[in-house]
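Listed here are the chains, written in short residue letters.
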Amino acid sequence: MTKPTLTITNLHVSVGDKPILRGVDLVIRHGETHAMMGPNGSGKSTLGLAIMGHPGYEVTEGSITLDGEDVLAMSPDQRARGGIFMAFQRPMAIPGVKMADFLRHATTNVRNPERKEGEELIPMREFRKELKGKMEHLRMDVEFARRYVNDGFSGGEMKRAEILTMAMLQPTFAILDETDSGLDADAVRLASESIAEIGREKMGLLIITHHDKLLEHNPPEFTHVMLGGRIVETGGSELADELHTNGYDRIRKAHPEADALNQEMLSEEAVEA
Amino acid sequence: MAIDIADNSEIGEINKYNFRTETTGVFKAQKGINETIVRQISEIKNEPKWMLDFRLKSLKTFEERPMPKWGGAIDIDFQDIFYYLKPTDHQGKTWDDVPQEIKDTFEKLGIPEAERKFLSGVKAQFESEVIYGSLEEDLAKQGVIFTDTDTAVREHPDLVREYFGKIIPPEDNKFAALNSAVWSGGSFIYVPPGVKIEFPLQAYFRINAENMGQFERTLIIVDEGASIHYVEGCTAPMYSSESLHSAVVEVIVKRGARARYTTIQNWANNIYNLVTKRAYAYGDATMEWVDGNLGSKLTMKYPAVHMMEPGARGEILSIAFSGAGQHQDAGAKLVHAAPHTTGQIISKSISKNGGRSSYRGLVRVEKGAHHSKNNVVCDALILDDISRSDTYPYIEILEQDVSIGHEASVSRIGEEQLFYLLSRGLTEQEASAMIVNGFIEPLVKELPMEYAVEMNKLIQLQMEGSVG
């Protein structure tokens, strides 16, 4: 039996009329952990956001399929209910909405993709018990569930909330965008444990990072290096180690054209900022 | 006194009944407003002369005063409105007359049949009088007076005369004058010194106010050190075939007393809702308005607190939701008339489907009101490209040593917020309802539990677009 597979073929993505991704190919199967590394501005987050269906990221060419189904034809909520999850680098604050209420809606919809608007949510008692258990595991105070979604959270709290959400939603494919940044060593270990707990064999993981904290606990089978909107090299976990130790100089020299594009994209970003 | 009704065939039929008896008789005034109508209303209510004089004087003021030149566009033919309807006439309506959208809302809110009929004006009374009766007795023992204002004029003339029209005189504005001339129904409450009523008073209103008039008149007097929470209306929609609702609400909060007045209104979409609400708070007293406005064609409502003595406190929490074809011109007024007074306004508005919301607020610190503090927070949420929000904050400071803050923000439902919730599996509708509910959370958490639940449901219905 073939494992559930997320297939990305020749993906081109623009923001406004600015091309960011210029032909990305990637296949992630269940149980596999992929690391996506690369310098700033190379397009790593763009890949994640395009997979999740952010309306600001326009796919101009190529395809994304989940077990053969056209992901690009799905709205972001359909993608979530189809089992795709992304832990955001900067998750949005939703003032006035309690974490627990938000998670109860999300969990209900993802577990019951056919749910119609207005139908019952997961029973409160059952949900609370599960949430409490997962929060305890992540060493989160119970009070956290009553706080407003990402509102006034520290960087570390936001990342933990994203991991908690992942733990509740139990996705089949998870994209973690810089989830390790802003976390101390303990938190990284907990996050890694949570990933392990959900079951790596039940998930396909795409870890976007330019550190390697999460990777220490979740050694990738595949490491990809993105530069100038393309994957320029793919290797095993030894590639991640090399990049961690030596940085991107070798990569930049080996791919001057992509490096030039990357510099260009970075300078445009700087102008906009 | 004599009313000349000989040349008025439309109301000639009242001769068939003994219209001086309050409980029987069908009476419908003729359309339009004039001295005859005003005299008739007063006569039917068997009012003392001072009230008739007050009405007549108010009528003159109404006729002289121009329409407000600000706010929303008012297109009312004052001569095409019935100014007085006996409750028996309301009962003549049937459930079938209630518009389907209102019925649907009742259904979705899960409001019991009896209550639906009451709220829609089909039925004028609640069933469970016994319970209310005993509660009422308990209040009466403590010296609390809670009745409709018509009854109060007859049974508590001294109290009424002392305060009626003193906080909001007929000269205040054209619609206050109109109400003063033709008012009917509304609540009268007097809380004696030191009496603290722990539960919100509202159920009584349903019993007592046989005629929740289009021109109701409410007067609340909270004596020294007493406290009350009054909840007006309900989160459920009110429907009316009439086009104009113009109430006057006066609240007196004496030294050390505390009053909270909560309103959540959801009118049918053809109603002009033009209401004047004002409170005087004396030494160390606290007045709080919690005011929610949904529905109506145009709402112009600015609850006010005048802080008359040192230590007085005024807080206003206001929310408006405007959908297609609606204009909510809502806001608040705080007047610091004494030193060491504190005021706060939190105003939230939501506009959707071409709806228009305006915040119109006044903060005034009078000469001598030094060491006053005031803070205004005013947030608008716009759900699409065709809706509109405006802010008109007026700030008049006539004293040096004061602290005044004003924050205003306007935001669209952010694409990023929406995407975040969608990426967690929420539908677009669930997501925007969640963002809106979060936006009004500061108001909802001030409501008693059952109202908070209904408020949330109502917002959800507004978001679905199935109502109005």
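Residues numbered from 1 in each chain as written. Chains lettered and ligands numbered in written order. Predicted model: local features only at pLDDT ≥ 70, side-chain atom pairs only at ≥ 80, totals over all residues. Heavy atoms only, no water.

### Points about the overall build of chain B
Alright, step 1. Helices and strands together make up the secondary structure of chain B, namely 14 helices and 18 strands.
Alright, step 2. Considering chain B as a whole, with its 468 residues, one finds that 61% of them fall into the buried category.
Alright, step 3. Taking the contacts inside chain B whose residues are at least 6 apart along the sequence as the reference set, 84% of them involve residues at least 24 apart.
Alright, step 4. Accessible surface computed for chain B: about 17,900 Å², of which carbon and sulfur atoms make up 49%. (Helix = DSSP H or I, 4+ residues; strand = E, 2+ residues; numbered from the N terminus. Buried < 20%, exposed > 50% of the residue type's maximum accessible area, 1.4 Å probe, protein only. Contact = heavy atoms within 4.5 Å. Areas by Shrake-Rupley, 256 points an atom, 1.4 Å probe, with all protein chains shown as cover.)

### Observations regarding the pairing of strand β2 (residues 18–29) of chain A
Each regular strand carries side chains that alternate between the two faces of the sheet.
Alright, step 1. Bridge count for strand β1 (residues 5–15) of chain A against β2 of chain A is 9 bridges, and the pairing is antiparallel. Note that in β2 of chain A the partner of His12 of chain A across the bridge is Arg22 of chain A. (Pairing = 2+ DSSP bridges.)

### Quick word on the sheet that holds strand β6 (residues 84–87) of chain A
Residue and element names in this part refer to chain A.
Alright, step 1. Taken together, the 6 strands give an open sheet; going across it, the order is β6-β9-β10-β3-β11-β12, and neighbouring strands pair in mixed fashion. On the outer flanks of this sheet lie β6 and β12 (230–235), each paired with one strand and no other. For this sheet the average axis-to-axis angle between neighbouring strands, irrespective of direction, equals 20 degrees.
Alright, step 2. Here strand β11 (residues 222–227) runs beside β12; their pairing, made up of 5 bridges, is antiparallel. Bridge pairing links His224 to Thr234 in β12.
Alright, step 3. Along the sheet, helix α8 (residues 237–246) makes contact with β3 (33–37), β11 and β12, crossing β11 at roughly 50 degrees. (Axes fitted to C-alpha atoms, helices over the stretch in contact; angles between N-to-C directions.)

### Quick word on the side chain of Ser432 of chain B
Alright, step 1. Secondary-structure assignment places Ser432 of chain B in helix α12 (residues 428–439).
Alright, step 2. If near-sequence neighbours (up to four positions away) are discounted, Ser432 of chain B is found in contact with Ile413, Leu418 and Met463 of chain B.

### Considerations on the packing of helix α4 (residues 124–137) of chain A against helix α5 (residues 155–169) of chain A
All names here are of chain A.
Alright, step 1. At their nearest, the axes of α4 and α5 sit 10 Å apart, and the two run at 135 degrees to each other. Of the possible angle classes, the one that applies to α4 and α5 is oblique. With respect to the hand of their crossing, α4 and α5 are arranged in right-handed fashion. For the pair α4 and α5, contact is made by Phe127, Glu130, Leu131, Lys134 and Met135 and by Leu164, Ala167 and Met168, respectively.
Alright, step 2. Within the contact of α4 with α5, the residues separate by chemical class into 6 nonpolar, no polar and 2 charged. (Parallel < 35°, antiparallel > 145°, perpendicular 65-115°, else oblique. Left-handed = near helix turned anticlockwise from the far one by under 90°. Nonpolar A, V, L, I, M, F, W, Y, C, P; charged D, E, K, R; others polar.)

### Focus on a nonpolar patch on the surface
Residues and elements named next belong to chain B.
Alright, step 1. Taken together, the side chains of Ile395, Ile397 and Ile404 define a hydrophobic patch exposed on the protein surface, amounting to about 210 Å² of accessible area.
Alright, step 2. Along the chain, Ile395 falls in strand β17 (residues 388–397).
Alright, step 3. By relative accessible area, which is 41% here, Ile395 ends up partly exposed. (Patch = residues over 30% accessible without salt bridge, like charges linked within 9 Å, V, L, I, M, F, W, Y side chains within 5 Å. Salt bridge = Lys/Arg side-chain N within 4 Å of Asp/Glu carboxyl O.)

### Topic: the sheet that holds strand β5 (residues 69–70) of chain A
Whenever strands of a sheet pair, they do so through backbone hydrogen bonds, lying parallel or antiparallel.
Residue and element names in this part refer to chain A.
Alright, step 1. Read from one edge of the open sheet, 4 strands run β2-β1-β4-β5, paired in antiparallel fashion. The open sheet has two free edges, formed respectively by β2 and β5, since each of these has just one partner strand.
Alright, step 2. Both β1 and strand β4 (residues 57–66) contribute to a ladder of 8 bridges, which runs antiparallel. Following the sheet pairing, Ser14 is matched in β4 by Glu58.
Alright, step 3. Those strands touched by helix α1 (residues 44–52) are β1, β2 and β4, and its axis lies near 110 degrees from that of β1.

### Things to note about the interface of chain B and chain A
Alright, step 1. Listed as interface residues are 20 residues of chain B and, on the opposing side, 35 residues of chain A.
Alright, step 2. Summed over both sides, the interface of chain B with chain A buries roughly 2,300 Å², with 63% coming from carbon and sulfur.
Alright, step 3. Counting the surface chain B buries against chain A, the share from its top three residues, Phe419, Tyr420 and Arg424 of chain B, is 34%.
Alright, step 4. Connecting chain B to chain A are 3 salt bridges.
Alright, step 5. Across the pair Glu441 of chain B and Lys98 of chain A runs a salt bridge, and its minimum N-O distance is 3.9 Å.
Alright, step 6. For the side of chain B that touches chain A, the secondary structure elements donating two or more residues are α11 (415–422) and α12 of chain B.
Alright, step 7. The element that contributes the greatest number of residues to the side of chain B that touches chain A is α11 of chain B, accounting for 7 residues.
Alright, step 8. Of the residues assigned to the side of chain B that touches chain A, the class counts are 8 nonpolar, 6 polar and 6 charged. (Buried area = accessible area lost by both parts, 1.4 Å probe.)

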